[in-house]
Amino acid sequence: MKGKLITIEGVEGVGKSTNINFISSYMESKNIKYLCTREPGGTVNAEKIRDILLHSEEEKVPEIAELLLFFSARSFHIENVIIPALINGINVICDRFADATIAYQGNGRGFDIKRINQIAKWVQNDLKPNLTILLDAPAEVGMKRTKIREKNDRMESEKISFYERVRQGYLNIAQNDPERVVIVDATKDILSVEKNIEKHLNHLFSEK
Ligand code: TMP
């Protein structure tokens with residue numbers, strides 16, 4: 001693959017969008033080819049699945065359906081957007097990816113992480129992010145920020161203990177894969193967060 005896959009992860013309200021904007025400006029300032037995308041979503045069909053996952057009001061979404069829908073959306077996304085971009089030397093900046101399924105459906109919902117990893121291998125083959133930026137903050141910090149929004153979606157309507165498990169899940173992933181996953185303290189002021197992210201991007205793009 002000529003391009004690199006960079007994923008941004010973290011519980012709700014940690015500032016993913018703001019920092020993705022920062023990463024886009026970084027890429028532009030360095031003249032590095034990139035595209036920004038998100039999960040669930042990023043293709044026509046994956047966005048339809050996103051709508052079911054986040055806004056199904058008329059029908060309950062069983063937890064197993066939720067898990068498999070996240071994987072289905074990812075399959076559309078990998079096949080139709082991510083792989084073609086990487087092959088063409090376009091770097092992909094993705095707002096959430098596979099680690100979210102481990103953290104939310106594994107640690108959050110309680111699905112067996114070994115089984116999730118088996119499905120992940122099936123869906124992703126060997127595709128793995130080159131860099132994952134984990135924006136870390138206590139769950140209550142992020143949840144306070146999302147409460148300010150007008151309406152919370154289905155995934156934003158869990159108890160605080162759910163997001164605490166998700167945060168811990170992310171930290172476990174980072175601990176087990178420190179080469180790929182960098183933890184950025186999202187409670188710090190915006191300039192410190194940006195400086196930290198910039199350092200990791202400089203490192204990634206200076207690699208041969
Ligand atoms: P967001 O990307 O706008 O924050 O919304 C996506 C929501 O979906 C968020 O609550 C995290 C959740 N999610 C999962 O539970 N599992 C996944 O695999 C992914 C990609 C997202």
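Residues numbered from 1 in each chain as written. Predicted model: local features only at pLDDT ≥ 70, side-chain atom pairs only at ≥ 80, totals over all residues. Heavy atoms only, no water.

Novice: What is the right way to read the overall build of the protein chain from this model?
Specialist: Scanning the protein chain from terminus to terminus reveals eight helices and five strands. The linear arrangement of helices and strands in the protein chain, starting from the amino end, is β-α-β-α-α-β-α-α-β-α-α-β-α. Reported as C-alpha extents along the three principal axes, the dimensions of the protein chain are approximately 45 × 35 × 35 Å. Sorting the 208 residues of the protein chain into buried and exposed places 50% on the buried side. The contacts of the protein chain with a sequence gap of at least 6 include a subset with a gap of at least 24, amounting to 80%. In the structure as shown, the protein chain presents an accessible area of about 11100 Å², 51% of it carried by carbon and sulfur atoms. Measuring between centres, the 30 positive side-chain charges of the protein chain sit 3 Å from its 30 negative side-chain charges. (Helix = DSSP H or I, 4+ residues; strand = E, 2+ residues; numbered from the N terminus. Buried < 20%, exposed > 50% of the residue type's maximum accessible area, 1.4 Å probe, protein only. Contact = heavy atoms within 4.5 Å. Areas by Shrake-Rupley, 256 points an atom, 1.4 Å probe, with all protein chains shown as cover. Lys, Arg positive; Asp, Glu negative; His and termini not counted. Charge placed at Lys NZ, Arg CZ, Asp CG, Glu CD.)

Novice: How should the packing of aromatic side chains be read in this particular structure?
Specialist: To describe a pair of aromatic rings, one takes the distance between the centres and the angle between the planes. In this structure the tally under the stated criterion is three aromatic pairs. Relative to Tyr163, the ring of Phe162 lies with its centre 5.2 Å away and its plane at 90°, an arrangement referred to as edge-to-face. The pair formed by Phe162 and Tyr163 is uniform in burial state, with each residue classed as buried. Its guanidinium or amino end placed over the ring of Phe97, Arg74 lies 5.4 Å from that ring's centre, counting from NZ or CZ. (Phe/Tyr/Trp six-rings, centres within 6.5 Å; stacked < 30°, edge-to-face > 60°. Lys NZ or Arg CZ within 6 Å of the ring centre and 35° of its normal.)

Novice: How should I be thinking about the side chain of Glu39 in this particular structure?
Specialist: In this fold, Glu39 is placed in the loop between β2 (34–38) and α2 (44–55). There is a polar contact of 2.5 Å between the side chain of Glu39 and the side chain of Arg74. Glu39 has contacts with Arg50, Arg74, His77, Ile82, Cys94, Asp95, Arg96 and Phe97, leaving out every residue within four places of it along the chain. (Polar contact = N/O pair within 3.5 Å; in protein donor to acceptor, adjacent residues only side chain to side chain.)

Novice: What should I look at first to understand the site of the ligand in this one?
Specialist: Near the ligand, the surroundings consist of 14 residues, among which Glu12, Arg50, Thr101, Tyr104 and Gln105 are the closest. Glu12 is positioned with one of its side-chain polar atoms (N or O) 2.9 Å from an oxygen atom of the ligand. In the environment of the ligand, an oxygen atom lies 2.6 Å from a nitrogen or oxygen atom belonging to the side chain of Thr101. Burial of the ligand by the protein amounts to 92% of the accessible area it has alone, namely 470 Å². Listing elements by their share of the shell around the ligand, those giving two or more residues are α2, α3 (63–87) and α4 (98–108). The element best represented in the shell around the ligand is α4, accounting for four residues. Along the lines of polarity and charge, the residues of the shell around the ligand split into six nonpolar, two polar and six charged. (Near = heavy atom within 4 Å. Nonpolar A, V, L, I, M, F, W, Y, C, P; charged D, E, K, R; others polar.)

Novice: Explain helix α7 (residues 160–176) to me, please; I cannot follow it from the model alone.
Specialist: For an α-helix, 3.6 residues make a turn, and residues three or four places apart therefore share a direction. Taking 1.5 Å per residue, 17 residues should reach 24 Å; α7 reaches 25 Å between its end C-alpha atoms and fits that length. Turning to α7, its buried residues number three or more, namely Phe162, Tyr163, Val166, Gly169, Tyr170, Leu171, Ile173 and Ala174. (Expected span 1.5 Å × (residues − 1).)

Novice: I'm lost on the sheet that holds strand β3 (residues 91–95) in this one. Help?
Specialist: Within a sheet, adjacent strands bond to each other through the backbone by hydrogen bonds, running parallel or antiparallel. Strand order in this open sheet of five strands is β2-β3-β1-β4-β5, and the pairing throughout is parallel. Looking at the sheet topology across the chains shown, the edges are occupied by β2 and β5 (181–185). When strand polarity is set aside, the average angle formed by the axes of neighbouring strands in this sheet is 20°. Sheet topology note: the strand β1 (residues 5–9)/strand β4 (residues 131–136) ladder contains four bridges and is parallel. Within the sheet, the bridge partner assigned to Ile8 lies in β4 and is Ile133. Across the face of the sheet, helix α8 (residues 190–206) comes into contact with β1, β3, β4 and β5 while running at roughly 160° to β5. (Pairing = 2+ DSSP bridges. Axes fitted to C-alpha atoms, helices over the stretch in contact; angles between N-to-C directions.)

Novice: What is the right way to read the pairing of β3 from this model?
Specialist: In terms of burial, β3 is a largely internal element, five of the five residues being buried. Of the two faces of β3, the one carrying Asn91, Ile93 and Asp95 and the one carrying Val92 and Cys94 are both buried. Bridge count between β1 and β3: four bridges; the pairing is parallel. Residue pairing for β3: Ile6 is matched across the bridge by Ile93.

Novice: Even after reading the chapter, I still don't get unusual backbone geometry, so can you show me in this structure?
Specialist: Peptide bonds are mostly trans, and most non-glycine residues show a negative phi. With omega at -10°, the peptide bond leading from Glu39 into Pro40 counts as cis. Tracing the backbone through its elements, the reader meets Pro40 in the loop between β2 and α2. Residues other than glycine seldom take positive phi values, yet Arg96 does so here, at roughly 75°. Structurally, the position occupied by Arg96 is in the loop between β3 and α4. Of the residues examined, Arg96 reaches a relative accessible area of 12% and is grouped as buried.

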